[in-house]
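So the chains spell out like this:
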Amino acid sequence: QVLLVESGGGLVQAGGSLRLSCTASGRSFSMYAMGWFRQAPGKEREFVAAINWSGGSTYYADSVKGRFTISREKVKNTVYMQMNSLKPEDTTVYYCAAGERVGYYMCRTSMYAYWGQGTQVAVST
């Protein structure tokens, strides 16, 4: 059974930082692209950041570019997202995802076969 488990969410003041982690178990994800998405109540899930299988390429939504950094540690089957300069509008649930052969479509939710349960991030003013 494939399992993605996120951690690191929480409450932080505006301008603060959090680091989200996502650990995969059940199989090796070394050849998978990994992504972070977020979804507010009543809204569609939106792309935040992604990293390709090798870790050599990263992609970001314009809204987080320059503030968030995605990275992966293959030995630990873990992907991270360092979130700096957090804003109240970053408040929502964040989901980790894994997909094979994602290619250039890293921002599309349909390209990811595996999803975590989500972790809540709340940014206060």
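Refer to the structure presented above.
Just so it is clear, the model here is predicted, and its values are computed rather than measured.

### Here's the deal with the nonpolar core
Here is step 1 of the chain: Counting 35 residues, the largest nonpolar core has Met 34, Trp 36, Met 81, Met 83 and Tyr 94 as the members making the most contacts within it.
Here is step 2 of the chain: Those elements giving two or more residues to this core turn out to be strand S3 (18-25), strand S4 (33-39), strand S5 (46-51), strand S7 (68-73), strand S8 (78-83), strand S9 (92-99) and strand S11 (119-124).
Here is step 3 of the chain: With 5 residues, the top contributor of residues to this core is S5.
Here is step 4 of the chain: Excluding anything up to four places from it in sequence, Met 83 contacts Gly 16, Ser 17, Leu 18, Leu 20, Arg 67, Phe 68, Tyr 94 and Val 121.

### Section: the pairing of strand S1 (residues 3-7)
Here is step 1 of the chain: Side chains of S1 alternate between two faces, with Leu 4 and Glu 6 buried and Leu 3, Val 5 and Ser 7 left unburied.
Here is step 2 of the chain: Where S1 and S3 come together, 5 bridges link them in antiparallel fashion. Within the sheet, the bridge partner assigned to Ser 7 lies in S3 and is Ser 21.

Rules of the game
- Residues numbered from 1 in each chain as written.
- Predicted model: local features only at pLDDT ≥ 70, side-chain atom pairs only at ≥ 80, totals over all residues.
- Heavy atoms only, no water.
- Core = buried A, V, L, I, M, F, W, Y, C linked by side-chain atoms within 4.5 Å.
- Buried < 20%, exposed > 50% of the residue type's maximum accessible area, 1.4 Å probe, protein only.
- Helix = DSSP H or I, 4+ residues; strand = E, 2+ residues; numbered from the N terminus.
- Contact = heavy atoms within 4.5 Å.
- Pairing = 2+ DSSP bridges.

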